Amino acid sequence: MDMIALEEIRRVKFRYLRCLDLKRWDEMAETLTADARARYGTPSYGKALEFDSREAIIEFLRTTVGPGITTVHFAGQPEIEVDGDTARGTWLLQDKVIVPEHRVIIEGAAFYEDTYRRENGAWLISDTGYDRLYESMTPLDDLPGFKLTANRWSTPA
Amino acid sequence: MDMIALEEIRRVKFRYLRCLDLKRWDEMAETLTADARARYGTPSYGKALEFDSREAIIEFLRTTVGPGITTVHFAGQPEIEVDGDTARGTWLLQDKVIVPEHRVIIEGAAFYEDTYRRENGAWLISDTGYDRLYESMTPLDDLPGFKLTANRWSTPA
Amino acid sequence: MDMIALEEIRRVKFRYLRCLDLKRWDEMAETLTADARARYGTPSYGKALEFDSREAIIEFLRTTVGPGITTVHFAGQPEIEVDGDTARGTWLLQDKVIVPEHRVIIEGAAFYEDTYRRENGAWLISDTGYDRLYESMTPLDDLPGFKLTANRWSTPA
């Protein structure tokens, strides 16, 4: 078992996820191969979300996960199989999206199915996607006393 | 420190948890010793849940965590001590159970206390159980706008 | 890459977090250097929470996170860089605090920024702090059917 490869693959995934929640799109691009594919199984957009290049993935996220949206993507339970310079991995994801303007909280869980590729000694994500266990929407109007006491992405009124 | 054993033990636990949420009972059985014990400290069933064999554990889960129940079991923070061909481990668990038919969401957290045994070179779970930090029930009637926008286990009406 | 150091650092962090949720303050002190600093970016106390010694951190937690408060601190996605006998680490934290007496649930997420130091062969936390992605308060009065069916820290009435 190649423990170094496993750690490096976990690290590139953690960096991808951190950059997503911190909206660091340029740094996030460094975690993907140029030909990276992404398939996000969320019903929120009314159509399948499929992208076939690093550029398309980053462009979608940059324009969609804007400053009015707070996201938390927490993935764990990695089961990773390394085969030379490629690898496959499964992860459990729990995510939460808060959209104050639309007064809604979206929560969900899913299993990621990823592939990774080692390029010039560095492991990158070459394919990522997930199937939902569930996804839910809770309108904040159902919780009249709910308060966001901190929000990194709020625009103070 | 036996890093390979630590990784193999994490892997068998992640597989157990993934099979639980995906209701893959036959595959889940492969993560347990034949004499595996389980003690689940949930009050939901009104009595202690204790099982003394792999067969009894899988039979309970197969008949209880049915197709109308969506579960997410997310465990992390492993503290594992290996001693030859046995090991002990503590994990933090966060779990969420959605039962649309009963219009209820159950959430909780607990610390797992497990033991593991190496049989024919493969680490298996020989004892698992947890004590709750908390468990809560939220009736969906309190959230009239709540919607499940995705649910792997829903039966379309 | 020093895999042993990475595992030892993860372990001291997991122990710190477990002791926090189990209110084991004396054991928690063993995870910190004597000169440990902590900065918790929560707005809940109306002022910055900054502490400059192990003693001050433990004293604050011992007196603040009392028996009427149930906490769950779940951290993952460690990105740790070891440099000799010091290290830096980033983690994603999701936390939940239930205060039945005040009928409120506080939830949040944050990125930890820690430093670690190896003293007499043991890795300890020398600096810990986090910036919030978000923090929310939900009054239980908004959820009239909400029930705590288990609570390790409840005082039975």
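Up top is the structure.
Caption draft 1: The arrangement of the overall build of chain A in detail. Broken down by element type, chain A carries 3 helices and 7 strands. Traced from its N-terminal end to its C-terminal end, chain A shows the element sequence α-α-β-β-α-β-β-β-β-β. Its C-alpha atoms give chain A a radius of gyration of 17 Å, near enough to 15 Å, the size a compact globule of 157 residues would have. Across its three principal axes, chain A shows a C-alpha extent of roughly 55 × 30 × 30 Å.

Caption draft 2: Structural context of unusual backbone geometry. Residue and element names in this part refer to chain B. The backbone phi angle of glutamine 77 is positive, close to 55°, even though this residue is not glycine. In this fold, glutamine 77 is placed in strand β3 (residues 70-83). Its relative accessible area of 4% is what places glutamine 77 among the buried residues.

Caption draft 3: Up close: the packing of aromatic side chains. Applying the stated criterion across every chain, the model contains 18 aromatic pairs over all chains. Between the aromatic rings of tyrosine 40 of chain C and phenylalanine 51 of chain C, the centroid separation amounts to 6.5 Å while the plane-to-plane angle is 50°, which identifies the pairing as tilted. Separated by 11 residues along the polypeptide, tyrosine 40 of chain C in strand β1 (residues 32-40) and phenylalanine 51 of chain C in strand β2 (residues 49-51) bring together distant segments of the chain. Looking at tyrosine 40 of chain C, the relative accessible area reads 10%, which means it is buried. Judged by relative accessible area, which is 13%, phenylalanine 51 of chain C ranks as buried. Linked through ring pairs, Tyr40, Phe51, Phe60, Tyr112 and Tyr130 of chain A together constitute an aromatic cluster. A cation over an aromatic ring shows up here: lysine 13 of chain B above the ring of tyrosine 112 of chain B, its NZ or CZ 3.2 Å from the ring centre. The ring of tryptophan 153 of chain C has lysine 23 of chain C sitting right over it, with the charged end atom 4.8 Å from the ring centre.

Each value, and the rule that gives it
- Residues numbered from 1 in each chain as written.
- Chains lettered and ligands numbered in written order.
- Predicted model: local features only at pLDDT ≥ 70, side-chain atom pairs only at ≥ 80, totals over all residues.
- Heavy atoms only, no water.
- Helix = DSSP H or I, 4+ residues; strand = E, 2+ residues; numbered from the N terminus.
- Rg over C-alpha atoms; globule rule 2.2 N^0.38 Å.
- Buried < 20%, exposed > 50% of the residue type's maximum accessible area, 1.4 Å probe, protein only.
- Phe/Tyr/Trp six-rings, centres within 6.5 Å; stacked < 30°, edge-to-face > 60°.
- Lys NZ or Arg CZ within 6 Å of the ring centre and 35° of its normal.

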